[in-house]
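Coordinates in review
Residue strings, one per chain:
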Amino acid sequence: MGYADRFVMSLGASTLQDDAQHHAAEPLAAAALADLTGAGFGALLTRVKYADGSISKTFESGTQNLAQLLRIWTERVTQKGRERKWVKEGTEWDVRAALTLYRRVAERSLAYWLDGKCGTCHGTGTANRMLCSPCKGSGRGEIGGGGFEREKALDMVSELEGLLQSHNARSAVLLR
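Computed from a prediction, not measured in an experiment: that's the story for all the values here.

Another aspect to go through is the side chain of threonine 46. Checked against the element boundaries, threonine 46 lands in helix H3 (residues 42-51). In contact with threonine 46, not counting residues within four places along its chain, are Phe7, Ala51, Leu164, His167 and Asn168.

Here's what the structure looks like:
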């Protein structure tokens, strides 16, 4: 069982006792400690990606976590965009356009990272017993937007996946 599975199980545990028989709190503690040495929101990434909505099937569960993650991710994308000089920010109009670009890239990359399945075949790769033509059988959907925006969103999707994988690896090491 991987770290993400143990994390999800700990979120659904009926008791968070930490004694000889119960170890449900250990993955949560490992996630918190891993956040101290990493980007600072890896546990939130893990929770939104794997756990929100799956623990309790209540209507709109996990929306606060998603909203918080979107705020953090938009700030992070804005910072990355400025560091990497995606666009020139000379005039006030340029700054507003750049902030709009950063926000759109953050929203699209997070949405694709959370669920990048093809809308036609729903991730199966086949539609009407034939190879799905929009995704060509891969099961992955397209990121909307222009070429430049799509390129930056895909870059940020790989950044999100890297943050999640490094956080989960640090947390798994702490559980040993």
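This brings us to the pattern of salt bridges. Across all of its chains, the model carries nine salt bridges by this definition. Between aspartate 155 and arginine 84 there is a salt bridge, and its shortest N-O distance comes to 2.8 Å. Pair noted here: aspartate 155 is in helix H6 (residues 147-175) and arginine 84 is in the loop between helix H4 (63-83) and helix H5 (92-114), with a separation of 71 residues, a long-range link. A relative accessible area of 30% means that aspartate 155 is categorised as partly exposed. Looking at arginine 84, the relative accessible area reads 36%, which means it is partly exposed. A salt bridge links glutamate 149 to arginine 108, with the shortest nitrogen-to-oxygen separation between them at 3.1 Å. One end of the pair, glutamate 149, is in helix H6; the other, arginine 108, is in helix H5, with 41 residues separating them in the sequence. The buried category is assigned to glutamate 149, whose relative accessible area is 9%. What makes arginine 108 partly exposed here is its relative accessible area of 28%.

The share of residues in the protein with pLDDT of 70 or more is 85%, and the mean pLDDT across the chain is 82. Confidence scores differ between elements of the protein, with helix H1 (residues 3-11) showing the lowest mean pLDDT of 74 and H5 the highest of 94. Low pLDDT, under 50, characterises residues 54-60; the predicted model gives this stretch four contacts beyond four residues in sequence or across chains.

Turning our eyes to something else, we now look at the nonpolar core. Grouped together as the largest cluster of nonpolar side chains are 23 residues, with contacts concentrated most on Leu45, Trp73 and Val77. Those elements that provide at least two residues to this core are H3, H4, H5 and H6. Sort the elements by how many residues they give to this core and H5 lands first, with eight residues. Not counting the four nearest positions on each side in its chain, tryptophan 73 is found in contact with Phe41, Ala106, Ser109, Leu110, Met156, Glu159, Leu160 and Leu163. Counting residues in each nonpolar core, the second largest holds nine residues, with Tyr3, Phe7, Ala30 and Leu175 among its members.

Attention shifts here to H4. Taking 1.5 Å as the rise per residue, H4 with 21 residues should run 30 Å; its terminal C-alpha atoms sit 30 Å apart, in good agreement. Taken residue by residue, H4 has Asn65, Leu69, Trp73, Thr74, Arg76, Val77, Thr78, Lys80 and Gly81 as its buried positions. The inward-facing, buried residues of H4 abut H3, H5 and H6. At the C-terminal side of H4, lysine 85 shows a positive phi close to 55 degrees.

Our next topic: the packing of aromatic side chains. All chains considered together, the criterion is met by one aromatic pair. Seen in terms of ring centroids, tryptophan 86 and tyrosine 102 are 5.8 Å apart; in terms of plane orientation they differ by 55 degrees. Their pairing is tilted. Here the residue tryptophan 86 occupies a position in the loop between H4 and H5, and tyrosine 102 occupies one in helix H5, the gap between them amounting to 16 residues. One cation-aromatic arrangement involves lysine 49 over tryptophan 113; the distance from NZ or CZ to the ring centre is 4.6 Å.

Reading the values: the criteria
- Once a new chain begins, its residue numbering starts again from 1 and follows that chain's sequence as written.
- Under the rules for a predicted model, residues below a pLDDT of 70 receive no local features and side-chain atom pairs below 80 are neither given nor counted, while totals for whole chains, interfaces and linings still include all residues.
- Heavy atoms throughout the structure, all of them, feed into the side-chain values; hydrogens and water do not.
- Counting from the N terminus, the helices are the DSSP runs of H or I reaching at least four residues and the strands are the DSSP runs of E reaching at least two.
- Two residues qualify as a contact provided that any one of their heavy atoms is within 4.5 Å of a heavy atom in the partner residue.
- When a carboxyl oxygen of Asp or Glu is within 4 Å of a side-chain nitrogen of Lys or Arg, the pair counts as a salt bridge.
- Summary of the burial criterion: residues with accessible area below 20% of their type's maximum are buried, those above 50% are exposed, and those between are partly exposed, where the area comes from a 1.4 Å probe applied to protein chains only.
- Values of pLDDT, the confidence the predictor places in each residue, fall between 0 and 100.
- In plain words, nonpolar cores are sets of buried Ala, Val, Leu, Ile, Met, Phe, Trp, Tyr and Cys residues tied together by side-chain atoms within 4.5 Å.
- By this rule, a helix spans an expected 1.5 Å times one less than how many residues it contains.
- Working definition: rings of Phe, Tyr and Trp (its six-membered ring) pair if their centres are within 6.5 Å, and the pair is stacked with planes under 30 degrees apart, edge-to-face with planes over 60 apart, and tilted otherwise.
- Throughout this description, the term charge over a ring refers to an Arg CZ or Lys NZ atom that lies within 6 Å of the ring centre and within 35 degrees of the ring normal.

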